[in-house]
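# Reading the structure
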Amino acid sequence: MIAMVVLKSLEYALSKWESLGEESGFPILEKEWHVTDYYKNIRDKTPKVPGCFGNVWRIGQARRLEEVDKELDEDNNHIGHRHLDDKDFWPSRICNIPLQGRSLWGPRNNPSETSLLTIMKPNPKGDIDPGMMSPTKLAYYEPPCYQPPDVPAPWTRAPKGEPFAPLIGASRRLETEEDNKKQKAQLRGVDDKMIQQVSLPIHESLNQDRVLTEGDEAAEDDNDTAKDDVDEATEEKNTIVPGYGINVKWGRKGICDGSSHSWCDKSCDSGCLMGGAQDNRGAVCFDGFSGWVVFEIKNVKHGFIGARVEPWHAGEETPITNGWTEDNNGGDGNYNKRGRERELHEEYQDQQREEGIKRMKQEIEEDIMTEDDPTRRRLGGGQSCGRAGDYTFEWAINGKIVSWNKGKFCEHYTRLNYNLDVIKFMDDENRTGDFELAMRMTNVGRGNSMCVSHVYWA
C-alpha cells in the first residue's frame, strides 16, 4: 500500500513537471516549484502563536528522566522544586520573532558564513583558535584525500542514449566553463574567493570583513538578563580579553552544506570515502584555565540573547590547556613553546582531536539508534549541569560580569528538548543594538570543560 502511494505521488509529480515544461520550457520556472510563497502563506495565517507549548520551558527543570517522571502534582508541576515566576521561563515571544544564530553543528548551508567562529572575537595574537594545530589540519581548511567528483558507480549510469534524470535535475545547480574544449565541473559554493580563503591563516579568513573595536565601555543599562541577578553583577571596563586556552572542536572535514553534491568527510583515514557523512557536532570549549570566550553579536532587535551549552565535559575537550596550572598558562598560553615541547603538545592535541571526532560520531550513532528503538527513548533525560564538584561560571554583557556557582548555573539551565539545553543571557525587549557576550569558568582548573555549540539572538 505504501509503495502504491509513493508511485502514485511520483506519477503525479512527473506528469505535472512535464506539463509545466511544455508550457514554459525547461528548466521549470522557479516560481513553479519553490516553497517560499507556501511558507509565507502559512506565516501570514498564523501571525500570533499563543506561546511555545504554553510557557513550559522552565528554568531549573529537572535534569534526569527519573526525576521528570516522578513527584508530579495534579497540574503536572514538579513537587518540591522552587517557585517559578514569569521571568523564569524561556521567553515564548521568540516563537513569533525572527531568531538569528551561529553554530558549529551541521550540516549547514554556507558552512563558513554560518559558523559560530564568525562571531568570535580573536585573542590579542589575532587567533580565533589558539591551538597549535596547523591551519591545514583544521576541518574547514584541511584538504580532502582526493578532489571531486567521485567516480560514479556503474549501477547509477543510465544506458547509452537514455535520459539521465539526476543530470537533468542538477542542471540548474551545475555550472560549466569551456577549458581547452573540456567541461570542468565546479561545485556550487566553491568559488575562487573561497579557494583564496583556504590559503589564508584561519583568523584572517574568518575575520577579514570584520571591524574589531577594542576598549568598548561596559553598558550602563541596569536592565540586564535575569532581573534577580543584576545586583550580583560587577562592571569591569576594558578587562575582558579573549583567552589563550580556547579549544575549537571543528568536527568533520570539508564542505558539509547538506547538498547532494557536498564534499564532506573525505579524509584519507575514512573507512568509507563514498559515505560522505555530514552530521557534525562541533563546539567551542573552555575550562578553568582557558580565559574568556567572547562573541560579538550584531543587530539585536528584540533584546534576546541565549546559547546552547554542554557543561558536562571533562578536561579532554580542552587539550590546549594540558599541563597548565593557572589562567592562560600565566601569560601567553602556548605561544612561547618551541622545539620539541611544541611538537609534543601538537601531537597531543592532534590525538585528542581524533578521539573527540570518534566520541562525536558515537554520540550521533547512539542518538540515531534511540530514534529507531522506542524502548531506548530519553524524553526528559540528558546530561547533568556539570561534573562532580563545584565551579564558577561567569558571563558578561558589554562588560558587566555576573558570577554563578554550580547551583546557580543549574537553576538557569533549561532543557527545551532532548540534547537541547540552553542558557538565557539577555531578555529585555528595550535593549537593542550590538552587544558583546563573554563567558568563562573559574575555580575548577582542568577538571571540567564547558562547550558552546550555538549562540542565538533576536
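Look a little higher up for the structure.
Let us look at the structure shown here. (Residues numbered from 1 in each chain as written. Predicted model: local features only at pLDDT ≥ 70, side-chain atom pairs only at ≥ 80, totals over all residues. Heavy atoms only, no water.)

Tallied over the full model, the rule gives 12 salt bridges. Between Lys-121 and Glu-436 there is a salt bridge, with its nearest N and O atoms 3.4 Å apart. Residue Lys-121 is found in the loop between β2 (105–106) and α5 (165–169), and its partner Glu-436 is found in strand β17 (residues 433–442); the two are separated by 315 residues along the sequence. Overall, Glu-436 belongs to the buried group, its relative accessible area being 16%. Residue Arg-308 is joined to Glu-310 by a salt bridge in which the shortest nitrogen-to-oxygen separation is 2.6 Å. (Salt bridge = Lys/Arg side-chain N within 4 Å of Asp/Glu carboxyl O. Helix = DSSP H or I, 4+ residues; strand = E, 2+ residues; numbered from the N terminus. Buried < 20%, exposed > 50% of the residue type's maximum accessible area, 1.4 Å probe, protein only.)

Below, the discussion takes up the state of the cysteines. Within the structure shown, the criterion is met by three disulfides. Here Cys-256 pairs with Cys-264 through a disulfide, and the sulfurs are 1.9 Å apart. An S-S torsion of about 80° defines the bridge between Cys-256 and Cys-264 as right-handed. At a sulfur-sulfur separation of 2.1 Å, the disulfide partner of Cys-285 is Cys-451. One quick way to see it: the torsion about the S-S bond of Cys-285 and Cys-451 is about 105°, and its sign makes the bridge right-handed. Taken together, the positions of Cys-285 in strand β10 (residues 283–287) and Cys-451 in strand β18 (residues 449–457) put the pair 166 residues apart, joining distant regions of the chain. For the pair Cys-285 and Cys-451, one class covers both residues: buried. (Disulfide = S-S within 2.5 Å.)

Now for a nonpolar patch on the surface. Nonpolar side chains collect at one region of the surface, where Ile-2, Val-6, Leu-7, Leu-10 and Leu-14 lie side by side and expose about 530 Å² of accessible area between them. By the secondary structure assignment, Leu-14 is in helix α1 (residues 2–24). (Patch = residues over 30% accessible without salt bridge, like charges linked within 9 Å, V, L, I, M, F, W, Y side chains within 5 Å. Areas by Shrake-Rupley, 256 points an atom, 1.4 Å probe, with all protein chains shown as cover.)

Using the criterion set out here, one finds 10 aromatic pairs in the structure. When the centroid spacing of 5.5 Å and the interplanar angle of 70° are considered together, the rings of Tyr-244 and Tyr-335 count as edge-to-face. Linking Tyr-244 in the loop between β5 (234–235) and β6 (247–249) with Tyr-335 in the loop between β12 (304–313) and α8 (339–372), this pair joins segments that are 91 residues apart in sequence. With a relative accessible area of 9%, Tyr-244 lands in the buried category. Within the aromatic cluster, the residues linked to one another by ring pairs are Tyr-391, Phe-393, Trp-395, Trp-404, Phe-409, Tyr-413 and Phe-425. Sitting above the plane of the Tyr-335 ring, Lys-125 keeps its charged end 5.7 Å from the centroid. The aromatic ring of Trp-263 is capped on one face by Lys-266, whose charged end is 4.7 Å from the ring centroid. (Phe/Tyr/Trp six-rings, centres within 6.5 Å; stacked < 30°, edge-to-face > 60°. Lys NZ or Arg CZ within 6 Å of the ring centre and 35° of its normal.)

Inspection of the secondary structure assignment puts Leu-99 in the loop between α4 (65–69) and β1 (100–103). Residue Leu-99 is classed as partly exposed on the basis of its relative accessible area of 40%. For the pair Leu-99 and Phe-304, spaced 205 residues apart in sequence, the C-alpha separation works out to 9.0 Å. Discounting chain neighbours no more than four positions away, the residues touching Leu-99 are Phe-304, Tyr-456, Trp-457 and Ala-458. (Contact = heavy atoms within 4.5 Å.)

At the junction of Phe-26 and Pro-27, the peptide bond is cis and its omega measures out at -5° in the coordinates. Relative to the elements of secondary structure, Pro-27 occurs in the loop between α1 and α2 (30–33). The amide bond that connects Gly-106 to the next residue, Pro-107, takes the cis arrangement and shows omega of 10°. Tracing the backbone shows Pro-107 in the loop between β2 and α5. You will see that Asn-110, though not glycine, has its phi angle at about 50°, which is positive. In this structure, Asn-110 sits in the loop between β2 and α5. Asn-110 sits in the partly exposed class, given a relative accessible area of 40%.

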